[in-house]
Amino acid sequence: MRMHSASFSGIGKRRNNEDAFRIVNSDDNNRCLAVVCDGLGGHAMGEVASLTVADAIVDFWNAHASEPDSEAKVADAVAYAMAALDEKAASLNVSETGTTMVMASVVADTVTIAHVGDSRCYFMRRGELLYCTQDHVRRDFGWEVISRCFFSGHGDRCVADVLQYKLEPGDRLLLCSDGLYKSMAPDILMARMMDEKPLDDILDVFDFMCQKFGNDNYTGVLIEVGK
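First things first, this report covers the structure right here in the doc.

### Here we look at unusual backbone geometry
Here's step 1: For Asn93, which is not glycine, the phi torsion reads 60° and is therefore positive.
Here's step 2: We classify Asn93 as exposed; its relative accessible area is 72%.
Here's step 3: The phi dihedral of Arg126 is positive, around 50°, even though this residue is not glycine.
Here's step 4: Looking at where Arg126 falls in the secondary structure, it is placed in the loop between strand E7 (120-125) and strand E8 (128-132).
Here's step 5: Since its relative accessible area comes to 66%, Arg126 is described here as exposed.

Encoded structure:
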């Protein structure tokens, strides 16, 4: 199946953008890997953490392209990226830095979705929500606290949820940081995601809403299975 994708990222009302994303397509466009990471606010160098993990996931996936996608492969990729984050933090003498991660790997007619933290993947088919990742978040004294993430020196917090689905022509996947989905009501997000418009036009609407109603960095990668 051929994949089509579009992406965007913005600083929002923050001083710098701590989100990072990567999209890698095979030459025959029959394989696609998308990764979105969101550096943890309140900790040092979130932009470095998100970029380090996004690049490490891509590097691992490229190096193991011949290995079938599986839960074990995701676990190995996460461990590789966690080690890369620890190494980067040590080289910069930073004790606490971290990021969320959501990824989707498409090979032929199968997608493997994995996430750690509160960055999300929405999977829609014929206008219906087929699957949405469940945030790794708990509430402490009224505050949201991310319970699983990439965090330097704490590999035990980095456990990904993994699911696989068979794809059909017309399916759409949206990978995004929380700055995107918190900028609009869920029904609006899903309705716009399935608009019969070019993917870039849909992301233009999301960009406008994030700028107008959001207060955080925002990133989205929208993927459509060719019809």
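Next comes the rest of the write-up.
### Here's the deal with the packing of aromatic side chains
Here's step 1: On inspection of all chains with the given rule, the structure shows five aromatic pairs.
Here's step 2: Each ring, one from Phe60 and one from Tyr80, has its centre 5.8 Å from the other, and the planes form 50°; the classification is tilted. One end of the pair, Phe60, is in helix H1 (residues 46-63); the other, Tyr80, is in helix H2 (residues 71-91), and 20 residues separate them in sequence.
Here's step 3: For the ring pair Phe123 and Tyr165, a centre distance of 5.4 Å and an interplane angle of 65° mean the geometry is edge-to-face. Placement of the pair is Phe123 in strand E7 and Tyr165 in strand E12 (residues 161-166), with a sequence separation of 42 residues.
Here's step 4: Here Tyr165 falls in the partly exposed class, since its relative accessible area comes to 23%.
Here's step 5: In textbook terms, an aromatic cluster arises when at least three aromatic residues are bridged by ring pairs, as seen for Phe60, Trp61 and Tyr80.

### A few points about H1
Each turn of an α-helix holds 3.6 residues, which means side chains three or four residues apart point in the same direction.
Here's step 1: End to end, H1 covers 26 Å across 18 residues, agreeing with the expected 26 Å (1.5 Å per residue, within 8%).
Here's step 2: Every buried residue belonging to H1 is among Gly46, Ala49, Ser50, Thr52, Val53, Ala54, Ala56, Ile57, Val58, Phe60 and Trp61, and all of these are buried.
Here's step 3: Elements that come into contact with the buried residues of H1 comprise strand E2 (19-25), strand E3 (31-38), H2, strand E4 (98-99), strand E5 (101-107) and strand E11 (150-151).

### Let's talk about the environment of Cys176
Here's step 1: By the secondary structure assignment, Cys176 is in strand E13 (residues 172-176).
Here's step 2: Residues Cys176 and Met190, 14 residues apart in the sequence, show an inter-C-alpha distance of 13 Å.
Here's step 3: Other than its neighbours up to four places away in sequence, Cys176 contacts Val36, Val102, Ser119, Arg120, Tyr122, Tyr181, Thr219 and Gly220.

### Quick look at the pattern of salt bridges
Here's step 1: Under the criterion given, the structure shown has 14 salt bridges.
Here's step 2: The residue Asp195 makes a salt bridge to Arg192 at a minimum N-O spacing of 2.7 Å.
Here's step 3: A residue is classified by how much of its surface remains accessible, and Asp195, at 16% relative accessible area, is buried.
Here's step 4: Assessed through its relative accessible area of 27%, Arg192 is described here as partly exposed.
Here's step 5: Where salt bridges share partners, they join Arg125, Arg126, Glu168 and Asp171 into one cluster.

### As for the sheet that holds strand E14 (residues 218-225)
Here's step 1: Spatially, E1-E14-E13-E7-E8 is the arrangement adopted by the five strands of the open sheet, whose pairing is antiparallel. The sheet terminates laterally at strand E1 (3-10) and E8, the two strands that pair on one side only. On average, each strand axis in the sheet is inclined to that of its neighbour by 20°, with strand direction left out of account.
Here's step 2: Packing of helix H5 (residues 199-213) onto the sheet brings it into contact with E1, E13 and E14, and relative to E1 it is tilted by some 20°.

### A short note on the pairing of strand E6 (residues 110-116)
Put simply, side chains in a regular strand alternate between the two faces of the sheet.
Here's step 1: With seven of seven residues buried, E6 lies mostly within the body of the structure.
Here's step 2: Burial of the side chains of E6 extends over both faces: Thr110, Thr112, Ala114 and Val116 are buried on one face and Val111, Ile113 and His115 on the other.
Here's step 3: The sheet contact formed by E5 and E6 spans seven bridges and is antiparallel. Of the residues in E6, the one forming a bridge with Val106 is Val111.

### Some remarks on the state of the cysteines
Here's step 1: Scanning all chains against the criterion turns up zero disulfides.
Here's step 2: Left without a disulfide partner, Cys32 is nearest to the cysteine sulfur of Cys121, which lies 11 Å away.
Here's step 3: The closest cysteine sulfur to the non-disulfide-bonded Cys158 is located on Cys149, 7.5 Å from its own sulfur.

### Re the packing of H1 against H2
Here's step 1: As a packed pair, H1 and H2 sit with axes 8 Å apart at the nearest point and diverge in direction by 140°. The angle between H1 and H2 falls in the class oblique. The hand of the H1/H2 crossing is right-handed. Taken together, the residues of H2 that come into contact with H1 (itself represented by Val48, Ala49, Thr52, Val53, Ala56, Ile57, Asp59, Phe60 and Trp61) are Lys73, Val74, Asp76, Ala77, Val78, Tyr80, Ala81, Ala84, Leu85 and Lys88.
Here's step 2: Considering only residue class, the contact of H1 with H2 consists of 14 nonpolar, one polar and four charged.

What counts as what
- Residues numbered from 1 in each chain as written.
- Predicted model: local features only at pLDDT ≥ 70, side-chain atom pairs only at ≥ 80, totals over all residues.
- Heavy atoms only, no water.
- Buried < 20%, exposed > 50% of the residue type's maximum accessible area, 1.4 Å probe, protein only.
- Helix = DSSP H or I, 4+ residues; strand = E, 2+ residues; numbered from the N terminus.
- Phe/Tyr/Trp six-rings, centres within 6.5 Å; stacked < 30°, edge-to-face > 60°.
- Expected span 1.5 Å × (residues − 1).
- Contact = heavy atoms within 4.5 Å.
- Salt bridge = Lys/Arg side-chain N within 4 Å of Asp/Glu carboxyl O.
- Pairing = 2+ DSSP bridges.
- Axes fitted to C-alpha atoms, helices over the stretch in contact; angles between N-to-C directions.
- Disulfide = S-S within 2.5 Å.
- Parallel < 35°, antiparallel > 145°, perpendicular 65-115°, else oblique.
- Left-handed = near helix turned anticlockwise from the far one by under 90°.
- Nonpolar A, V, L, I, M, F, W, Y, C, P; charged D, E, K, R; others polar.

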